[in-house]
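Fold and geometry: a report
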Amino acid sequence: MNPGERDAGHLELIIGRVLRFGTATSSTCFAVGLSLMILGGGGALARVLLPAGLIILLATPAARVVVSVVEYVRERDWLFVALTLAVLLALAASVGAAFL
Amino acid sequence: MPPLTVSLAFIIFAAGAVAGGLGIALGLGGGILLVPFLTLGLGFPLKSAAAISLTTVIATSSAVAAARAGNQLMNLRLGMLLEVATVAGGLLGGITAQMVAESTLQRIFGFVAIVVAVMMLRRVNRRNVICDPNAEPGRLGGRFYDAESSCVITYRVRRLPLALFASFVAGNLSSLLGIGGGVIKVPILNAWCGVPMRAAAATSALMIGVTATGGAIIYYGRGDLQALFAAPAVLGVQLGSWLGLNVAEQASVKWLKILMAAVLIAVAGLMFTRSTGS
């Protein structure tokens, strides 16, 4: 058995939960926000819900990487801690490139 | 960029549904269809179309990976390793997109559309799996239960540098053009790196979400991505993917593929014309 193989199923399930929660939340924000826009001609709530849905959508894969880092630390699999941290670092660099 | 009206929201929603449905049925992301529709059909700048499409890529990736979690088809370790390359490529692509002209992006899109059309017509699917549960998958390989052949399939990953390079290119084009990039790396992982088709597709589906996120953040920060346009596209693609999963089995995939290849060639032609003309 490989290092980490016994826990691979465990990490997969956590990742599945994070992704399901993120998708459901952002889609709900989008659906409610759009419905309000169409029905009410655009209210203050829609103006909050639509960007919130977008930010949750963008945060979901990042959150998936964060829980992977935590899980690899728990498994003391330092190579994969470094790899997942590198992915997070690149995402942080995207934020830097976007807003600086 | 066109102003958002109720009818435009419905058009984007419907386009997302069609792109998502066809994407699922044909095993490629919807982005390669959604981007040309938004830019050639609705008049969005290519950068905005790519940004909107990236949000649908993220939503699809998250939904598909969530559904797959638990059956060991996704190779998490291989995925997390290759992600370093795709995200680096995506970061570079996102920055590049801010600097190159619209006409250059159109030419690149046209070229990639032709490559995708050709890839789709000649399906690479060599047998490269070991049907022995005791075989050693190595540090990056994997094993999963394949219902079709009812055996546990074990595989090793070969030619890792090639897999990393393909992932980098896929990530780069993902950010630049608003596509998922699976269409570039899945055939390479399958044909040259020893990863069975279904495992390669599932692993790629996981990776494209985080890859597209890097690019989408850059577009968002630079003002090319508006939630108002992303929302109907994302909801449409989700509906389309759901329909595609439930209807795809009845449809004739062979003719769909030939039709899609024809559409992509036409898209490429239009992109080339636009890049030189207006």
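This text follows the structure it describes.
Here goes a summary of the coordinates provided. (Residues numbered from 1 in each chain as written. Chains lettered and ligands numbered in written order. Predicted model: local features only at pLDDT ≥ 70, side-chain atom pairs only at ≥ 80, totals over all residues. Heavy atoms only, no water.)

Section: the interface of chain B and chain A
Note: interface size is frequently given as the accessible area lost on complex formation between the parts. Note the cut-off: In what follows, residue pairs with any heavy atoms lying within 4.5 Å of each other are defined as contacts. Using a 1.4 Å probe, buried area is obtained as the accessible area two parts lose upon being combined, added over both of them. Here, a salt bridge means any side-chain nitrogen of Lys or Arg that lies within 4 Å of a carboxyl oxygen of Asp or Glu. Think of a polar contact as two N or O atoms within 3.5 Å of one another; within protein, one of them needs to be a possible hydrogen donor and the other a possible acceptor, and neighboring residues in sequence only count if both atoms come from side chains.
Each partner contributes residues to the interface: chain B has 52 residues there, and chain A has 48 residues. For the pair chain B and chain A, the summed buried area comes to about 4,200 Å², and 73% of that belongs to carbon and sulfur atoms. The partner of A:Arg64 in a salt bridge is B:Glu83, with the nearest N and O atoms 2.8 Å apart. Taken together, the links from chain B to chain A amount to seven residue pairs in polar contact (both at pLDDT 80 or more).

Here we look at the pairing of strand β2 (residues 151-155) of chain B
Residue and element names in this part refer to chain B. Note the cut-off: Classification of residues uses two cut-offs on accessible area relative to the type maximum, computed with a 1.4 Å probe and protein chains only: under 20% is buried, over 50% is exposed, and between them is partly exposed. Counting from the N terminus, the helices are DSSP H or I runs at least four residues long and the strands are E runs at least two residues long. Only when DSSP finds a minimum of two bridges between them are two strands counted as paired.
Within β2, four of the five residues are buried, which leaves it mostly tucked inside the rest of the structure. Summarising the sheet, strand β1 (residues 142-146) and β2 pair through five bridges and their orientation is antiparallel. Within β2, the residue paired with Phe144 across the bridge is Ile153.

A short note on the packing of helix α2 (residues 44-74) of chain A against helix α3 (residues 46-68) of chain B
To be explicit about the condition: As a rule, the C-alpha atoms of each element are fitted with a line to give its axis, helices using only the stretch in contact, and angles between N-to-C directions run from 0 to 180 degrees. Should an angle fall under 35 degrees it is called roughly parallel, over 145 degrees roughly antiparallel, and 65 to 115 degrees roughly perpendicular, with every other angle called oblique. A clockwise turn of the near helix away from the far one marks a right-handed crossing, whereas an anticlockwise turn of less than a right angle marks a left-handed crossing. Side-chain classes follow a simple rule in which Ala, Val, Leu, Ile, Met, Phe, Trp, Tyr, Cys and Pro form the nonpolar group, Asp, Glu, Lys and Arg form the charged group, and the remainder, Gly included, forms the polar group.
Where α2(A) meets α3(B), the closest approach of the two axes is 10 Å, and the angle between their N-to-C directions is 55°. Between α2(A) and α3(B), the interaxial angle falls into the category oblique. Note that α2(A) runs across α3(B); the crossing there is left-handed. Where α2(A) abuts α3(B), its residues A:Leu54, A:Leu57, A:Leu58, A:Thr60 and A:Pro61 lie against B:Thr55, B:Ile58, B:Ala59 and B:Ser62. Its residues placed into classes, the contact of α2(A) with α3(B) shows six nonpolar, three polar and no charged.

Side note on the nonpolar core
For clarity, the cut-off: For the purposes of this section, nonpolar cores are sets of buried Ala, Val, Leu, Ile, Met, Phe, Trp, Tyr and Cys residues that join through side-chain atoms within 4.5 Å.
In terms of nonpolar packing, the biggest core is built from 65 residues, with A:Phe30, B:Ile32, B:Phe109, B:Leu225 and B:Leu264 touching the most fellow members. Ignoring anything within four residues of it in the chain, the contact list for B:Ile32 reads B:Phe109, B:Val112, B:Ala113, B:Val116, B:Ile179 and B:Leu264. With 35 residues, the next largest nonpolar core counts A:Leu19, B:Leu140, B:Cys193 and B:Leu206 among its residues.

Focus: the packing of aromatic side chains
Heads up, the condition is: Each aromatic pair joins two rings of Phe, Tyr and Trp (for Trp, the six-membered one) with centres within 6.5 Å, and gets the label stacked for planes under 30 degrees apart, edge-to-face for over 60, and tilted for any other angle. A ring is considered to have a charge above it if a Lys NZ or an Arg CZ atom is located within 6 Å of its centre and within 35 degrees of its normal.
Summed over all chains, the structure comprises three aromatic pairs over all chains. Taking the centre distance of 5.0 Å and the plane angle of 85° together, the rings of B:Phe44 and B:Phe229 count as edge-to-face. Here B:Phe44 is found in the loop between α2 (31-41) and α3, whereas its partner B:Phe229 is found in helix α9 (residues 227-247), with 185 residues between them in sequence. Here B:Phe44 and B:Phe229 have matching classes, each one buried. Here B:Arg77 stacks its cationic end above the ring of A:Phe80, 4.3 Å away from the centre of that ring.

Description of a nonpolar patch on the surface
All names here are of chain B. Our working rule: What makes a patch is a set of residues exposed beyond 30% relative accessible area and free of salt bridges, joined within 9 Å when like-charged and within 5 Å when nonpolar (Val, Leu, Ile, Met, Phe, Trp, Tyr). Here, Shrake-Rupley sampling with a 1.4 Å probe gives the accessible areas, and only protein chains in the shown set may cover a residue.
A contiguous nonpolar patch, built from Phe111, Ile114, Val115, Val118, Ile265 and Phe272 and spanning about 490 Å² of accessible area, is present on the exposed surface. Elements represented by at least two residues in the nonpolar patch include exactly α5 (102-121) and α10 (253-276). Considering every element that reaches the nonpolar patch, the biggest residue donor is α5, with four residues. With respect to the element layout, Phe272 can be found in helix α10.

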